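# Report on the structure
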Amino acid sequence: MVRIRDLRKKYGAIPVLNGLSMDIEDGDVYGFLGRNGCGKTTTMNIICNIIPKDEGKITLGNGKPIKVGYLPESPMIYGYMTAKEYLEYIAACSEWQGDVNRRVAEVLDVVGLSKAANQRAKGFSRGMTQRLGMGAAILGNPELLIFDEPTSALDPQGRAEVISIINRLKSMGCTIVLSTHILSDVERVANRIGIMRNGVLAEEGSLKELLRRQGGDVINITVRGLTQENKIKLLSVDFARAEYNNDEDLFRFGTEDAEDTARRLMRLMADNDIVAESFSIGTATLEEVFGKVVG
């Protein structure tokens, strides 16, 4: 659906995109991640033809013309319009061919605003405004949807409603680019994830692939009243990535082989009379992978 090769963009003398290359397949929900200023919004604006690129090539839909729906981080909605009137306005702007009333009703249903169809947008909550913005993005039945921070500043209920809509669009076969700083939302809906750093794609793959390459297993050990000498021994192991949280007396060991690492740690603890209050094995999270990739 989207093929990008060696994309470059500067604002004045400041480079933002430094040769970005990435692929988004038909039907993907692609989690597009990175720190502020890494070039995510610039990339999405170039895909939408809002701003021009400096160099590089973008191919959408295998070179065939496609429709793109875009939800900016803070959609601007005319407050004096009702939800129905606003979507009718969007239909007119996009020159929708077909039964406008039927299409508006379908979209209101998808975004969960059917009961608010005749309410003026100025009285909407942030979550309702965001959902109406999503409705505007999908009204033209686009092949590609780009959502920039769709759950930003929403309360838990608002986030859940937006994620539910994304899952519904996913089940309908939509291709979605999802940019957000709320990594747990990406874990819930994305089948592929790309992490940007310094204007290029630093890591990409499914969540399972990213966790295997960058995360692995995690062993958590809580030890109270540890001597400084034994603390150094635990942090100096050469068979795992060791971290220590002083506030929680928690040691965290990243490893590719949890069974072998656990055996070694228990042997080390037994040899030094270290008694653990808790000892658990789990897997890394997307947040930990993100932190490792972006630094």
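The structure displayed is predicted, hence computed values, not measured ones.

## Comments concerning the pattern of salt bridges
- Applying the stated criterion to the full structure yields 18 salt bridges.
- Note that Glu161 and Arg131 form a salt bridge whose closest N and O atoms lie 3.3 Å from each other. With a gap of 30 residues between them, Glu161 in helix 5 (residues 156-171) and Arg131 in helix 4 (residues 126-138) connect regions that are remote in the sequence.
- Overall, the relative accessible area of 8% leaves Arg131 in the buried class.
- Three or more residues joined by partner-sharing salt bridges are found here, namely Glu259, Asp260, Arg263 and Arg264.

## Notes on the packing of helix 2 (residues 83-93) against helix 3 (residues 100-110)
- Where helix 2 contacts helix 3, the two axes come as close as 10 Å, and the packing angle between them is 120°. One element, helix 2, and the other, helix 3, form an angle in the oblique class. In the crossing of helix 2 with helix 3, the sense of the turn from one axis to the other is right-handed. The residues of helix 3 that touch helix 2, namely those facing Ala83, Lys84, Leu87, Glu88 and Ala91, are Val100, Asn101, Val104, Val107 and Leu108.
- In the contact of helix 2 with helix 3, the residues fall into 7 nonpolar, 1 polar and 2 charged.

## A look at the pairing of strand 7 (residues 175-179)
- Counted residue by residue, strand 7 has 5 buried out of 5 residues, so it is predominantly covered.
- Residues Thr175, Val177 and Ser179 point to one face of strand 7 and Ile176 and Leu178 to the other, with burial holding for every one of them.
- Note: strand 3 (residues 29-33) against strand 7, 4 bridges, orientation parallel. Opposite Val29, over in strand 7, you have Ile176 as the bridge partner.
- Note that strand 6 (residues 144-148) and strand 7 share 5 bridges and pair parallel. Across the sheet, Leu144 pairs through a bridge with Thr175, a residue of strand 7.
- With helix 5 bridging strand 6 and the parallel strand 7, this β-α-β connection has right-handed handedness.

## Quick word on the environment of Ala121
- Along the chain, Ala121 turns up in the loop between helix 3 and helix 4.
- Overall, Ala121 belongs to the buried group, its relative accessible area being 8%.
- Sequence spacing of Ala121 and Gly79 is 42 residues, and the spatial spacing of their C-alpha atoms is 4.5 Å.
- Beyond its immediate chain neighbours, meaning those up to four positions away, Ala121 contacts Ile77, Tyr78, Gly79, Met81, Thr82 and Leu132.

## Digging into the packing of aromatic side chains
- This structure, assessed with the given rule, holds 7 aromatic pairs.
- Consider the rings of Tyr86 and Tyr89, whose centres lie 6.3 Å apart with planes at 40°: the pair is tilted. Residue Tyr86 and its partner Tyr89 are both found in helix 2; the two are separated by 3 residues, about one turn of the helix.
- Judged by relative accessible area, Tyr86 falls into the buried class, the value being 8%.
- Members of the aromatic cluster, joined through ring pairs, are Tyr78, Tyr80, Tyr86 and Tyr89.

What counts, and where the lines are drawn
Residues take numbers from 1 onward in each chain, read along the sequence in its written order. At least 70 in pLDDT is required for a residue's local features to be given in this predicted model, at least 80 for side-chain atom pairs to be given and counted, and no such filter applies to totals for whole chains, interfaces and linings, which use all residues. Calculation of side-chain values draws on the structure's entire complement of heavy atoms; hydrogens and water are dropped beforehand. Should a side-chain nitrogen of Lys or Arg be within 4 Å of a carboxyl oxygen of Asp or Glu, the pair is scored as a salt bridge. Secondary structure elements are defined from DSSP: runs of H or I of at least 4 residues count as helices, runs of E of at least 2 residues count as strands, and each element is numbered from the N terminus. Think of it in three bands: residues with accessible area under 20% of the maximum for their type are buried, residues over 50% are exposed, and the middle band is partly exposed, with areas taken using a 1.4 Å probe on protein chains only. Axes, fitted as lines to C-alpha atoms, cover a helix only where it is in contact. Angles between the N-to-C directions of the axes lie from 0 to 180 degrees. Just so you know how the angles are binned, under 35 degrees is roughly parallel, over 145 roughly antiparallel, 65 to 115 roughly perpendicular, and the rest oblique. The hand of a helix crossing depends on one turn: near helix anticlockwise from the far one by less than a right angle means left-handed, and clockwise means right-handed. Note on contacts: a residue pair qualifies if any of its non-hydrogen atoms lie within 4.5 Å across the two residues. Under the scheme applied, nonpolar residues are Ala, Val, Leu, Ile, Met, Phe, Trp, Tyr, Cys and Pro; charged residues are Asp, Glu, Lys and Arg; polar residues are all the others, including Gly. Whether two strands pair comes down to DSSP finding at least two bridges between them. The handedness rule is simple: strands pointing away from the viewer, and a clockwise path from the first strand over the helix to the second, make the crossover right-handed. Ring pairs shown here join Phe, Tyr and Trp side chains whose ring centres sit within 6.5 Å, with only the six-membered ring taken for Trp; geometry is labelled stacked below 30 degrees between planes, edge-to-face above 60, and tilted in between.

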